[in-house]
Amino acid sequence: MRYFLTLYILAIVAFVGVAGFRGGLSRKPPIEVFPDMDRQMKLRPQEANRFFGNHRSSQLHVDGTIARGAPYKDIPVNTGRQSGSTNWVEVNPVPFSEALMERGRQRYDIYCQPCHGAAGDGKGITTKYGMIAVANFHDPRLVSMTDGEIFNTITHGKNLMGPYGANIKIHDRWAIIAYLRALQRSRLSTMEDVPEPQKAALQQ
Ligand code: HEC
């Protein structure tokens, strides 16, 4: 019993000795069991630093970078709408070129063709696996739809179609639209579009 009491008192003294001074003020550095990230190699903002040629620790951002979450400039190419209004732009704001078309064909085949089909008739491979009611681009409603609204559909999705804004860059979205128009045009040609030499053969 005596031993027990001695040990008991010693234990209390040891416990109070270690734990009792937690939170107490002292000029000595604390005992650090886990330093976590108290001290680290880092550059403080606005501090001089000799690593970079311009001796700044905070580097200026690279030209053309946009801060994450920064608002888009309200211009047609970013929104598909006329600046300062909610009206769609009628025509693709990106200048048309063969390279744009080629890019559009390639991106269309990657991102749209699985559902909308290579010919844009809404008969992509996914329709065999349960994707229902995929829009047919040759539907007169979609033929007369403005480029801006299609841009918006790619960016934000519509009804059953999911958004692709996060996957497809802005320029590529417009390229896809240029190609989509070509797909539509391929089924809208008239006799006027047939070159003279072939006309006779067709009319027979
Ligand atoms: C996963 C399948 C899928 C993919 C991929 C897909 N779409 Fe769609 N899309 C749909 C479906 C389904 C609809 C019909 C939506 C509805 O009306 O419910 C649709 C509708 C549309 C419409 C018509 C919207 C309207 O106003 O009726 C356009 C335009 C369109 N898609 C363009 C595209 C383009 C361009 C791409 C490629 C960037 C694309 N889609 C990729 C499934 C898809």
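This one's a predicted model, so the numbers in the text were calculated from it and none came from an experiment.

Student: Would you mind showing me how to read the site of the ligand here?
Tutor: The environment of the ligand is made up of 23 residues, and the closest members are Cys112, Cys115, His116, Arg141 and Met161. Between the ligand and Arg141, the relevant distance is 2.6 Å, taken from an oxygen atom to a side-chain nitrogen or oxygen of the residue. Taking Lys158, its side chain carries an N or O atom lying 2.8 Å from an oxygen atom of the ligand. Elements supplying a minimum of two residues to the shell around the ligand: helix 4 (113-116), helix 5 (140-143), helix 6 (147-156) and helix 7 (170-185). Residue composition of the shell around the ligand, by class: 18 nonpolar, three polar and two charged.

Student: It is not clear to me how the coordination of the iron atom of the ligand should be interpreted in this structure. Could you clarify?
Tutor: In an ideal tetrahedron of four donors about a metal, each angle is 109.5 degrees. In an ideal octahedron of six donors, the angles are 90 or 180 degrees. Coordination of the iron atom of the ligand by the protein involves His116 (NE2) and Met161 (SD), with metal-donor separations of 1.9 to 2.1 Å. One way to put it: the six donor atoms around the iron atom of the ligand meet at angles of 86 to 178°, and that makes the site octahedral. Remark: Met161 occurs in the loop between helix 6 and helix 7 and His116 occurs in helix 4; sequence separation between them is 45 residues.

Student: Which parts of the structure should I look at to understand the nonpolar core?
Tutor: Within the largest apolar cluster, 21 residues are counted, with the highest numbers of intra-cluster contacts made by Tyr108, Ile150, Ile154, Trp174, Ile176 and Ile177. Among the secondary structure elements, those contributing two or more residues to this core are helix 3 (98-111), helix 6 and helix 7. Counting residues per element, this core draws most heavily on helix 7, which supplies nine residues.

Student: I'm lost on helix 6 in this one. Help?
Tutor: Two residues of an α-helix separated by three or four positions point the same way, owing to the 3.6 residues in each turn. Within helix 6, nine of the ten residues are buried, which leaves it mostly tucked inside the rest of the structure. For helix 6, the complete set of buried residues consists of Asp147, Gly148, Glu149, Ile150, Phe151, Asn152, Thr153, Ile154 and Thr155. Once helix 6 ends, the next one or two residues include Gly157, with phi positive near 75°.

Student: Would you mind showing me how to read the pattern of salt bridges here?
Tutor: If charged atoms from side chains of opposite charge come close, those side chains can pair. A complete count under the given rule lists nine salt bridges for this structure. Between Glu102 and Arg105 there is a salt bridge; the shortest N-O distance is 2.6 Å. Remark: Arg105 and Glu102 occur in helix 3; sequence separation between them is three residues, near one turn of the helix. We classify Arg105 as partly exposed; its relative accessible area is 34%.

Student: Help me understand the side chain of Gln184, please; the structure alone is not making it clear to me.
Tutor: Following the sequence through the fold, Gln184 ends up in helix 7. Judged by its relative accessible area of 3%, Gln184 falls in the buried class.

Student: Where do I start with a nonpolar patch on the surface in this structure?
Tutor: Taken together, Met1, Phe4, Leu5, Tyr8, Ile9, Ile12, Val13, Phe15 and Val16 make up a surface patch of nonpolar side chains, about 980 Å² in accessible area. Turning to its location among the elements, Met1 is positioned in the segment before helix 1 (2-19). The class for Met1 is exposed, based on a relative accessible area of 74%.

Student: In this structure, what is going on with the packing of aromatic side chains? I would like to understand it.
Tutor: Given two aromatic rings, one states the distance between the centres and the angle between the planes to describe the pair. Per the counting criterion, the structure on display carries five aromatic pairs. A ring pair is formed by Phe4 and Tyr8, whose centres lie 5.6 Å apart and whose planes are at 20°; its orientation type is stacked. Note that Phe4 and Tyr8 are positioned in helix 1 at a spacing of four residues, about one turn of the helix. Following the ring pairs from residue to residue traces out a cluster consisting of Tyr108, Phe137 and Tyr179.

Calculation notes
Going along each chain's sequence as written, the residues are numbered from 1 onward. Side-chain atom pairs in this predicted model are given and counted only at pLDDT of 80 or more, local residue features only at pLDDT of at least 70, and totals for whole chains, interfaces and linings cover all residues. Side-chain calculation: all heavy atoms of the structure are included, whereas hydrogens and water are not. Consider each residue's heavy atoms; a residue with any of them within 4 Å of a molecule or strand counts as near. The definition of a polar contact used here is a pair of N or O atoms within 3.5 Å, where within protein one atom must be able to donate a hydrogen and the other to accept one, and adjacent residues in sequence count solely through side-chain atom pairs. Helical segments are the DSSP runs of H or I of at least four residues, strand segments are the runs of E of at least two, and each set is numbered from the N terminus. Just so you know the grouping, Ala, Val, Leu, Ile, Met, Phe, Trp, Tyr, Cys and Pro go in nonpolar, Asp, Glu, Lys and Arg go in charged, and all remaining residues, Gly too, go in polar. We call an atom a donor if it is N, O or S and sits within 2.8 Å of the metal, or 3.2 Å for Na, K and Ca. Water is not counted, so some sites may look partial. In short, tetrahedral needs four donors with all angles between 85 and 135 degrees, square planar needs four and octahedral six donors with opposite donors over 155 degrees apart and all other angles between 65 and 115, and whatever is left is irregular. To qualify as a nonpolar core, a set must consist of buried Ala, Val, Leu, Ile, Met, Phe, Trp, Tyr and Cys residues joined through side-chain atoms within 4.5 Å. Buried residues are those whose accessible area, probed at 1.4 Å on protein chains only, stays under 20% of the maximum for their type, while exposed residues exceed 50% and partly exposed ones sit between those limits. Here, a salt bridge means any Lys or Arg side-chain nitrogen found within 4 Å of an Asp or Glu carboxyl oxygen. To count toward a patch, a residue needs a relative accessible area over 30% and no salt bridge; like charges are then connected within 9 Å, while nonpolar side chains (Val, Leu, Ile, Met, Phe, Trp, Tyr) are connected within 5 Å. For every accessible area listed, the method is Shrake-Rupley and the probe measures 1.4 Å; residues are considered covered only by the protein chains on display. Any two of the Phe, Tyr and Trp rings considered here, Trp counted by its six-membered ring, make a pair once their centres fall within 6.5 Å; the pair's planes then place it as stacked at under 30 degrees, edge-to-face at over 60, or tilted in between.

Function cannot be read off these values alone, since they describe shape.
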